[in-house]
Amino acid sequence: MLLVASKVYDKNKPVLGVNTDPERSEGHLCLPVHYTHAFSEALQKLRKGEFRWQWRQRIRMYLEGTGINPTPVDLHELQLSLEQHSKAHRITTETQSSTTTHDSPERPHLLPVRGLNEIFIGESLSSRASYYEISIDDGPWEKQKSSGLSICTGTGSKAWSYNINKLVEQAVEDVLRIGKLKTGLDVPLNREFIESVTETYNESLIFDPEEDKLFFSIREPIVNRVFSNSRQRGFAKKVCVRSRCWDACMVVDGGTSFEFNDGAIATISLNEEDLLRTVILD
């Protein structure tokens, strides 16, 4: 479903997903599992109009700055090692340099894919901290170091972003216990209350796929004299990121990778023209 969605640019073209492997895939973006083995029933409902449309927001990305390469590396059919991944980006850069003339570095490039779930920005080597500057909704730039940055839609809020930010009951119980000691308040620490608080917090991380907003998450931020982190997560309409990385990439829906090294600037936002038309069957 993600692969197909990345190839569709016309917001009026409907996209319908069928879970072909329900034993190993949850298939959140597909029709309910029932229709995997009863697809004719789904077709009948579609013919009768017994469904509703859902217009899912998608992320568009502009890339500008020095040394940029807007040519994507397709990861869907590949299992690349770190060295192979870096080599693939070098090859596309060399090919583009030898066959085309680069536009002015000040001219933004609209990248040829749209993100349905999320985009991730960070160093290719996961053990290396990612260094970048970030601006939220045209606010001030902030120098940050972290394990990378995720920006998702409402569709993606149930996926990687959710797992980055969710709390487990053990952590909630520890915080409640400390709060009880610090305040002297009679805070219940029974299992039912802890489960309720945990569930309420985690549900606050999820929002509707049609909502016109993004959710950004800073993974494991480093805060010291040089680097700050005023907001570790939050909603936004627009996010700008300036890379200060050595060997980084911007990956769209885990399937398309763009080189994103020192000097590159990404502008991430939503646009009504990028909506994905999908079907909901009860």
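Rules and cut-offs
Residues numbered from 1 in each chain as written. Predicted model: local features only at pLDDT ≥ 70, side-chain atom pairs only at ≥ 80, totals over all residues. Heavy atoms only, no water. 1 Å grid on protein atoms, 1.4 Å probe; cavity = no way out; pocket = protein on both sides within 12 Å on 5 of 7 lines; lining within 4 Å. Points joined across faces, edges and corners; volume = space filled by probe spheres on them. Helix = DSSP H or I, 4+ residues; strand = E, 2+ residues; numbered from the N terminus. Nonpolar A, V, L, I, M, F, W, Y, C, P; charged D, E, K, R; others polar. Pairing = 2+ DSSP bridges. Patch = residues over 30% accessible without salt bridge, like charges linked within 9 Å, V, L, I, M, F, W, Y side chains within 5 Å. Areas by Shrake-Rupley, 256 points an atom, 1.4 Å probe, with all protein chains shown as cover. Salt bridge = Lys/Arg side-chain N within 4 Å of Asp/Glu carboxyl O. Lys, Arg positive; Asp, Glu negative; His and termini not counted. Charge placed at Lys NZ, Arg CZ, Asp CG, Glu CD. Buried < 20%, exposed > 50% of the residue type's maximum accessible area, 1.4 Å probe, protein only. Core = buried A, V, L, I, M, F, W, Y, C linked by side-chain atoms within 4.5 Å. Contact = heavy atoms within 4.5 Å.

So, the layout of surface pockets
Looking at the largest pocket, its volume works out to about 650 Å³. Surrounding the largest pocket, 30 residues form its lining, Gly-27, His-28, Leu-29, Cys-30 and Arg-56 being those nearest its centre. At the level of elements, β2 (52–56) and β16 (276–280) are the ones that each hand at least two residues to the lining of the largest pocket. Top element by residues in the lining of the largest pocket is β16. It accounts for three residues. Grouping the constituent residues of the lining of the largest pocket by class yields 15 nonpolar, eleven polar and four charged.

What about the sheet that holds strand β12 (residues 238–243)?
Reading across from one edge, β5-β3-β15-β12-β7-β8 is the order of the six strands in this open sheet, with antiparallel pairing throughout. In the strand order of this sheet, the two ends are held by β5 (109–110) and β8 (142–146), each with one partner. Sheet analysis places strand β3 (residues 59–65) next to strand β15 (residues 264–270), joined by seven bridges and oriented antiparallel. Looking at the pairing, Tyr-62 lines up with Thr-267 of β15.

Things to note about a negative patch on the surface
Together, Glu-192, Glu-195, Glu-199 and Glu-203 make up a negatively charged patch on the protein surface. Counting through the fold element by element, Glu-192 comes out in helix α6 (residues 191–203). Since its relative accessible area comes to 66%, Glu-192 is described here as exposed.

Quick look at the sheet that holds strand β14 (residues 256–259)
What links the strands of a sheet is backbone hydrogen bonding, and the strands pair in either a parallel or an antiparallel sense. Across the sheet, seven strands lie side by side as β4-β14-β13-β6-β9-β10-β11; this open sheet has antiparallel pairing. Here the strands that pair on one side only, and so sit at the sheet edges, are β4 (73–74) and β11 (233–236). Two elements, strand β6 (residues 118–123) and strand β9 (residues 149–152), share four bridges in a ladder whose sense is antiparallel. By the bridge assignment for β9, Ile-121 is matched with Leu-149.

Looking at the nonpolar core
In this structure, Met-61, Val-241, Met-250 and Ile-268 are the most contacted members of the largest nonpolar core, which totals 27 residues. Tallying contributions element by element places β15 first for this core, with four residues. When neighbours within four sequence positions are excluded, Ile-268 is seen to be in contact with Ile-59, Arg-60, Met-61, Ile-119, Ile-121, Ile-151, Leu-214, Lys-237, Lys-238, Val-239 and Val-241. In this structure, Val-8, Val-15, Leu-29 and Leu-116 belong to the second largest nonpolar core, which totals six residues.

Observations concerning the pattern of salt bridges
The full count for this structure, using the stated rule, is 16 salt bridges. A salt bridge links Arg-60 to Asp-274; its shortest N-O distance comes to 2.6 Å. Taken as a pair, Arg-60 in strand β3 and Asp-274 in the loop between β15 and β16 lie far apart in primary sequence, 214 residues in all. A relative accessible area of 3% means that Asp-274 is categorised as buried. One salt bridge connects Arg-244 with Asp-262, and the closest N-O pair in it is separated by 3.2 Å. Here the residue Arg-244 occupies a position in the loop between β12 and β13 (248–252), and Asp-262 occupies one in the loop between β14 and β15, the gap between them amounting to 18 residues. Of the residues examined, Arg-244 reaches a relative accessible area of 30% and is grouped as partly exposed. For Asp-262, a relative accessible area of 47% gives the class partly exposed.

Here's the deal with the pairing of β3
Buried residues dominate β3, accounting for five of its seven residues. Two strands pair when backbone bridges link them, and β3 and β5 are joined in this way by two bridges, in the antiparallel orientation. Bridge pairing in β5 links Tyr-62 to Leu-110.

Things to note about a nonpolar patch on the surface
Residues Leu-16, Val-18, Phe-39 and Leu-43 make up a contiguous nonpolar surface patch of roughly 280 Å² in combined accessible area. Locating Leu-16 in the fold gives a position in the loop between β1 (14–15) and α2 (39–48). Classification of Leu-16 by relative accessible area gives partly exposed; the value is 31%.

Remarks on the environment of Phe-260
Turning to its location among the elements, Phe-260 is positioned in the loop between β14 and β15. Along the chain, Phe-260 and Cys-245 lie 15 residues apart, while their C-alpha atoms are 7.6 Å from each other. Setting aside residues up to four positions removed in sequence, Phe-260 forms contacts with Leu-63, Ile-121, Val-241, Ser-243, Cys-245, Ala-248, Cys-249, Met-250, Ile-265 and Ala-266.

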